[in-house]
Amino acid sequence: MGNRGMEELIPLVNRLQDALSGAGQSCGLHLPQVAVVGGQSAGKSSVLEHFVGRDFLPRGSGIVTRRPLILQLLSAHTEYAEFLHCKGKEFTDFDEVCKEIEAETRRLTGSNKGISPVPINLRIHSPHVLNLTLVDLPGITKVPVGDQPVDIEYQIRDMIMQFICKENCLILAVTPANTDLANSDALKLAKDVDPQGQRTIGVITKLDLMDEGTDARHILENRLLPLRRGYIGVVNRSQKDIDGKKDIKAALLAEEKFFLSHPAYKHMAERVGTPYLQRTLNQQLTNHIRDTLPAFRSHLQSQLLALNKEAVEYRQYSPDDPAHRTKTLLQLVQRWAVDFEKVFDGSGDKVETVNLSGGARINRIFHEQFPYELVKIECDERKMRREINYAIRNIHGVRTGLFTPDMAFEAIVKKQISRLKGPCMKFIDMVSKELITTVYQCINKLSSFPKLRDETERIVTNEIREQESKCRDQVSLLIDIQLAYINTKHEDFIGFTNAQQTNNNKCNKTVVAGMAGNQVIRKGWLTISNIGIMKGGAKEYWFILTAESLSWFKDDEEKEKKYMLPLDNLKLRDVERGFMSSKFVFAVFNTELRNVYKDYKWLELACNSLDELDSWKASLLRAGVYPEKVTVDGQGNGAPESFRDPQLERQVETIRNLVDSYMSIIYRTVRDLMPKTIMHLMINSVKEFISSELLAQLYALGECSALMHESPEQQGHREEVLRKHAALKEALTVIGEISTSTCTTPLPPPVDSSWIQPSSCSSPLSPTLLKNSVTGAKPAIRGHAPPVPRMPIPTGPTAVSRTDGLQQLASQPTRAPCVPRRQPPAIPNVK
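### Some details on the overall build of the protein
- When you go through the protein residue by residue, the secondary structure sums to 24 helices and 18 strands.
- Looking at the 831 residues of the protein, the share that counts as buried comes to 47%.
- When contacts within the protein are restricted to residue pairs at least 6 apart in sequence, those whose partners lie at least 24 apart make up 75%.

### Quick word on unusual backbone geometry
- Backbone geometry at Asn222 places phi at a positive 65 degrees, although glycine is not the residue there.
- Mapped onto the secondary structure, Asn222 falls in the loop between α7 (217–220) and β8 (231–233).
- What makes Asn222 partly exposed here is its relative accessible area of 21%.
- Phi is positive for Leu593, close to 60 degrees, though the residue is something other than glycine.
- With respect to the helices, strands and loops of the structure, Leu593 is situated in the loop between β14 (584–590) and β15 (602–607).

### Description of the confidence of the model for the protein
- Of the residues in the protein, 75% reach a pLDDT of 70 or more, and the chain-wide mean stands at 75.
- Within the protein, the element-level pLDDT minimum falls on strand β18 (residues 807–809), averaging 32, and the maximum on β8, averaging 91.
- The model gives residues 503–514 a pLDDT under 50, and that stretch makes 20 contacts with residues more than four places away or in other chains.

### Focus: the packing of aromatic side chains
- A complete count under the given rule lists 16 aromatic pairs for this structure.
- Note on Phe56 and Phe94: the rings are 6.5 Å apart at their centroids and 65 degrees apart in plane angle, and the pair reads as edge-to-face. Highlighted residues: Phe56 in the loop between α3 (44–52) and β2 (69–75) and Phe94 in helix α4 (residues 94–109), separated in sequence by 38 residues.
- The interplanar angle of 75 degrees and the centroid separation of 5.3 Å between the aromatic rings of Trp525 and Trp542 together place this pair among those described as edge-to-face.

### Brief notes about the sheet that holds β15
- Read from one edge of the open sheet, 8 strands run β12-β11-β10-β9-β15-β14-β13-β16, paired in mixed fashion. The open sheet has two free edges, formed respectively by β12 (561–566) and β16 (626–627), since each of these has just one partner strand.
- Sheet analysis places strand β9 (residues 520–528) next to β15, joined by 2 bridges and oriented antiparallel. Within β15, the residue paired with Thr527 across the bridge is Ala606.

Thresholds, definitions, all that
Residues numbered from 1 in each chain as written. Predicted model: local features only at pLDDT ≥ 70, side-chain atom pairs only at ≥ 80, totals over all residues. Heavy atoms only, no water. Helix = DSSP H or I, 4+ residues; strand = E, 2+ residues; numbered from the N terminus. Buried < 20%, exposed > 50% of the residue type's maximum accessible area, 1.4 Å probe, protein only. Contact = heavy atoms within 4.5 Å. pLDDT = per-residue confidence, 0-100. Phe/Tyr/Trp six-rings, centres within 6.5 Å; stacked < 30°, edge-to-face > 60°. Pairing = 2+ DSSP bridges.

The structure is reproduced here in structure tokens:
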């Protein structure tokens, strides 16, 4: 054929196929193949056996091929067969090959005529074959037989589609000559995935069984019902010949004699027959490989490039070399320390786009969650006044005091400062939890060495716990320092003189002091969940929070304002999540029991996540909207005791203003010092420990060899990477040595293949076409074919009338391959 250079590529493709199969097809390469497609009893098995010259395929009634058979034919000096699932075993008796195919089929599919898409790989070496790779697929059937599932047609179609929809798969469409070629299921499926006919080769079998006086001359000459690559006719052994054990060599001689002696075929005898089909397929396959070789090589190179760095590291790795173990340990720990630090500094290689992580989560704890926890501990107004009242009266004792006692102020302030310890310790817990979570996230990079991972995790976690303990001691010391001395000379403290003139609501306004009324604090989507209940459900709006108001709009274009709610006298309340609700809800209400919106006393606002909820609460806190306080004291007392002494009431008011002024100083100090303390004693200390002390503590264990013992998964992964890298490198080397300047047959010009109807439609052509091909007469035309059940034929403006009275689509786009895994037909009710 003048194509020896490309023929050498086919054995390479076969070897690469085996390598990829052994690696679990992990490379995902679609190698060039020839898929044999046809109906049951179309003669597919006979065509394949004629290629090999041996009887080796199972035979019987109904569906016999129930798993794809990848058949690799290799020209060799000796004849034997081998299976991929039986490596190292050579079969010289082809009856044993047939039995092995049947046994391997039953192993996966059982004996109930079921099918499986898992292929059987068979390689046959013989001096009587050309280099070919073929895939024998189950025959197309319409009606389930015996124990076959009701959706057997769809299962077979799905299996066939998985092979022929690949762009580098040649399709061998086998159709018996004694059936209606226009209704060939094989050609219809091929048309679905190859509308231009560039990959489809027609094969006409059983030419010797046609009715007397008919022939397929015009079809084989590609004049009637043309295909771009044309048709090749073959004559196989009849069932009588098979039962009589007729030799395939004798059958090939009989086939040659048939074509030479038949008046309709003798002028084309050199272009028909099994040997010519073999040569044509080999030529087409080598051409196809050559055409796809650049993309094939590029794909291999990209995979090799992706594996290069990892393969070099694995190739240099020597688990028994102490120096190499030490070097690897040092590199891993240093790399892990850098990654851990990057998570907090926000300079990581991989940026999380779904959730907050690392440093961003700790920043949210610093500036959103902790300030909110501080505000929640503030005592409500009535309880504060009651405590001041009792303190003043207890200090005076049996006497009637004329002056406001400063001891009452100091007692109340110290009590309020002591209550800060709870939120501060909770603050430390939250940061510690985030640190440990980050350690767990980063430690996965050491999963290749389980002992090293476990020891690193243990050492770092212990260090975090130790620093957490130091931080708790330091925070307790800070609070004790504040309790040790009440500094009434602080420049921001109002003093007794100004306290008598200060409104008791000043504390509530200090948060927004210095902030412009129209300054935007936050924007975002919120769902009002308690208004639209009677109108079909909650509705989402675009909210804008400023220092003075909370407004919401129809959408984020902010053109259609729905309402503006002033923040005066507003409070915040937590709302429990409803059953099966995915939203996080909070409510705002007016402390003077006024309606906040129309007839509603409160608004329930819902967020999509807990992070959003915390962020909105922190923003409302900045705007001066505080959380609701509990109004019952620890002893169960409800309403406060009324003041009957005007002088006592003035003293309570004075102390109240002094406490508010001093505690605002304390709150500002704590909000400023706590993040700094935790950052210094916990986060920075842990990062410093990991970068400077972790490696020393790992070495101190004295078990370097145990630390660097690989996990079985890592060993398998390393071996797989090295094996795949070597296979890809070898394949590229061989491909590079093959010359692509070979003789090829050009692709035939396009032909009109509109006679092939889509696989989901009925064909309008008559079986009499074959009879008319004898005389060259015009094909007889019949009326409309009956429609396929549940598949209506398009009508209306999209359909146009043809000259033969049939309807077809006015403009039919290129059809995509039918999608596998469709819904099976309904099982009929059996009464």
